[in-house]
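Observations on chain architecture
If you want the building blocks of each chain, they are given just below.
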Amino acid sequence: MKGSPARAASLQALQQPSLDLLIIGGGIVGSGIARDAAMRGLQVGVVEQHDFAFGTSSRSSRLLHGGLRYLAQGRVGLVHEASVEKKIIHHIAPHLAEPLPFVFPTYRGNKDWRLWQLQIGVKIYDLLCGGRNLGKSTWLNTDEVMCKVPILKTNDLNGAVRYFDGFTNDARLTLDTLRSAARAGATLVNYCRFQQATRIQVQNAPPPAEAQLWDCEVEDRLTGKRLRVKARHVVNATGPWADGVPHSQVKLRVTKGIHLVTERSRVEVPETVVLTEGKRILFAIPWGTRTILGTTDTDYHGSADAVTADAADIAYVLSIANQFFPKAKLTSADVISTWAGLRPLLADPNGKPSDISRSHEIKSPEPGWWDVTGGKLTTYRLMAEQAVDRIVKSLRQSNASPPSVAPCRTAEELLLPASETQNISGLLPPEFCRRVVEHYCANEWAVHLDDVMVRRTSWHYYHRDAAMKADHVAHWMAEILGWTNEQTGVELQRYRTVAGCQPAEEPSSLAARPPQNDQPHLPVV
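Below: a short report on this structure.

Thresholds, definitions, all that
Residues numbered from 1 in each chain as written. Predicted model: local features only at pLDDT ≥ 70, side-chain atom pairs only at ≥ 80, totals over all residues. Heavy atoms only, no water. Helix = DSSP H or I, 4+ residues; strand = E, 2+ residues; numbered from the N terminus. Rg over C-alpha atoms; globule rule 2.2 N^0.38 Å. Buried < 20%, exposed > 50% of the residue type's maximum accessible area, 1.4 Å probe, protein only. Contact = heavy atoms within 4.5 Å. Lys, Arg positive; Asp, Glu negative; His and termini not counted. Charge placed at Lys NZ, Arg CZ, Asp CG, Glu CD. Salt bridge = Lys/Arg side-chain N within 4 Å of Asp/Glu carboxyl O. Expected span 1.5 Å × (residues − 1). Phe/Tyr/Trp six-rings, centres within 6.5 Å; stacked < 30°, edge-to-face > 60°. Lys NZ or Arg CZ within 6 Å of the ring centre and 35° of its normal. Polar contact = N/O pair within 3.5 Å; in protein donor to acceptor, adjacent residues only side chain to side chain. Core = buried A, V, L, I, M, F, W, Y, C linked by side-chain atoms within 4.5 Å. Axes fitted to C-alpha atoms, helices over the stretch in contact; angles between N-to-C directions. Parallel < 35°, antiparallel > 145°, perpendicular 65-115°, else oblique. Left-handed = near helix turned anticlockwise from the far one by under 90°. Nonpolar A, V, L, I, M, F, W, Y, C, P; charged D, E, K, R; others polar.

Further remarks concern the overall build of the chain. A tally of regular secondary structure across the chain gives 14 helices and 18 strands. Since a compact globule built from 525 residues should have a radius of gyration of about 24 Å, the 23 Å found for the chain is in line with a globular shape. Overall size of the chain, expressed as C-alpha extent along the three principal axes, is 75 × 55 × 45 Å. Taking all 525 residues of the chain together, 60% fall into the buried category. A separation threshold of at least 6 residues defines the contact pool for the chain, and within that pool the share at least 24 residues apart is 73%. Each charge class in the chain was averaged separately, 59 positive and 54 negative side chains, and the resulting centres sit 4 Å apart.

As structure tokens, this is what we get:
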């Protein structure tokens, strides 16, 4: 498959004499670092082996939250950081951050979640937001709970707390952060795999300038062509792939979380309802005319490219939902779609997955190499600011920074003006029409059919007739991108394959490389 002229120009730009910073990974953390660094005036490149937001960054619970569960675990610092950051995201991306009320019901006999403890907890939660959360927490008696959520089970119900966090669209937040980075001058290429890097000496470098660069080899996965990219610093921001990148010193404990999507009419929740199993927390989240149910949290040892919601995962989530909403009597037939993603947690072999810290880590195991790991969606901007602060400091110490480096402005400036997001990017899928597909192909690096169906629009997850809609989108993309009938057929097959969670190879390399177990998979519909 041949890329667009814009893609060719980006690949050429990556090969300029040297970048200040090459970022490996086009998820939410990599996109945040790219935006921050480019806005400060650094020369930035980003390479992503799959599509942007392919991994964890399009498979979360779509929540911006401090984490009431983390407060119960005593992780006050993490909760404070995330509570502040969720408000910042609400400011810089108002189209992708909406205050979301949570109803947390409690039941007599539940020793893990007592009403009086939660009443204290939600007030502390508000204080950790600087006393200005997205809404004021309250508590409800039994009658008020049933009035608000009539389908909730009543046996032993003794009240609830109601508190606020935020709702977002994780993939759109990643893509709009990347669009913001591109506006600031960053060069971004998806379907471009980092292969290896070596430290090289710069000839005739005037002292005391930095005399070494990273010489990186990357592969354009659409053509198979290999390129050399030179950079003063390299950031490994590859999430669950981080411990497999050459030069990485990352140690991860990877856990899997799945989500189900049902008709809202089957699980009628006006606000998010917290469901518990022991100390674990799940959610029923309203999403337009749909409800999102999830998530699980289990150790995962398989390929990061082949994460699926299996039958046992689905049955588990449905069973918890049916315990709290007994009249719903949900079955697998009610599931419109699923997604499954991985949490790249800092390695800790002890304890249950739900107990492992969601804190982040920024380390430099070699000169000019940075591993940025851990964290959560809500704190991505803070992680980026801290990483770029350290990179800029290192550039200055080696006398290799640009003449003037601006201070961090990512907490103040909007990701994008409203004119560039309206009817294109939001919490709900956009209108199903050719116009938006044209935009994604021209302005958002869409290469494959699933890039549009899954990450840029969520049509894949939202609509029961997603397969039929994919046929229309494939023919629109064929006209826009100049696909032949054969290429259109290949794209439709690729979409059906990845939607069925079977290996999908890049068309250009089917005959060029032996089969590899590193191809993208999408959740079953």
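Once the structure has been displayed, the description carries forward.
This brings us to the pattern of salt bridges. Enumeration according to the criterion identifies 36 salt bridges in this entry. Between E444 and R179 there is a salt bridge; the shortest N-O distance is 3.3 Å. Placement of E444 in the loop between α10 (434–443) and α11 (449–456) and of R179 in helix α7 (residues 170–183) is noted, with a sequence separation of 265 residues between them. With relative accessibility at 8%, the residue R179 sits in the buried group. When salt bridges that share partners are traced, they join D51, D450, D451, R455, R456 and R494 into one network.

Right, let's get into unusual backbone geometry. Cis peptide bonds are those with omega within 30 degrees of zero, and the linkage from G294 to T295 qualifies with 20 degrees. Locating T295 in the fold gives a position in the loop between β14 (290–294) and β15 (298–299). Phi angles above zero are rare outside glycine, and D156 is one such case at about 65 degrees. Relative to the assigned elements, D156 resides in the loop between α6 (142–148) and β6 (157–167). Positive phi values are uncommon outside glycine, yet N423 reaches one of about 65 degrees. Looking at the secondary structure, you find N423 in the loop between α9 (380–397) and α10. What makes N423 exposed here is its relative accessible area of 52%.

So, about helix α2 (residues 28–39). Compared with the 16 Å implied by 1.5 Å per residue over twelve residues, the 16 Å span of α2 between its first and last C-alpha is a close match. Judged by how many residues are buried, α2 sits mostly within the fold: twelve of twelve residues are covered. Along α2, the residues that are buried comprise I28, V29, G30, S31, G32, I33, A34, R35, D36, A37, A38 and M39. At the C-terminal side of α2, G41 shows a positive phi close to 105 degrees.

In total, this model carries 14 aromatic pairs according to the counting rule given. Judged by centre distance (5.7 Å) and plane angle (85 degrees), the ring pair of Y125 and Y163 falls under edge-to-face. With Y125 in helix α5 (residues 115–128) and Y163 in strand β6, this residue pair connects regions lying 38 residues apart in the sequence. Each member of the pair, Y125 as well as Y163, is classed as buried. Ring pairing ties together the aromatic residues F102, Y125, Y163 and F283, which thus form one cluster. A cation sits over an aromatic face here: R62 above W287, 4.7 Å from the ring centre. A cation sits over an aromatic face here: K153 above F324, 5.3 Å from the ring centre.

Inspection of the secondary structure puts H233 in strand β10 (residues 226–236). Take H233: its relative accessible area is 0%, and that puts it in the buried class. Within the structure, H233 has its side chain in polar contact with the side chain of W370 (distance 2.9 Å).

Turning to the nonpolar core, a few remarks are in order. Ranked by size, the top nonpolar core spans 52 residues in total, and within it F104, Y163, V437, L449, M453 and V473 carry the most contacts. With seven residues, helix α13 (residues 466–481) is the largest single contributor of residues to this core. The contact partners of L449, leaving out residues within four places of it in the chain, are A470, V473, A474, M477, W483, E491, L492 and Y495. Residues A93, W370, I391 and L395 belong to the second largest nonpolar core, which totals 43 residues.

So, about the packing of α10 against α13. Between α10 and α13, whose axes approach to 10 Å, the crossing angle comes to 50 degrees. On the basis of the axis angle, α10 is oblique to α13. In the packing of α10 onto α13, the handedness of the crossing is right-handed. Contacts between α10 and α13 involve R434, V437, E438 and C441 from the first element and V473, W476, M477, E479, I480 and L481 from the second. Among the residues making up the contact of α10 with α13, the classes are represented as seven nonpolar, no polar and three charged.

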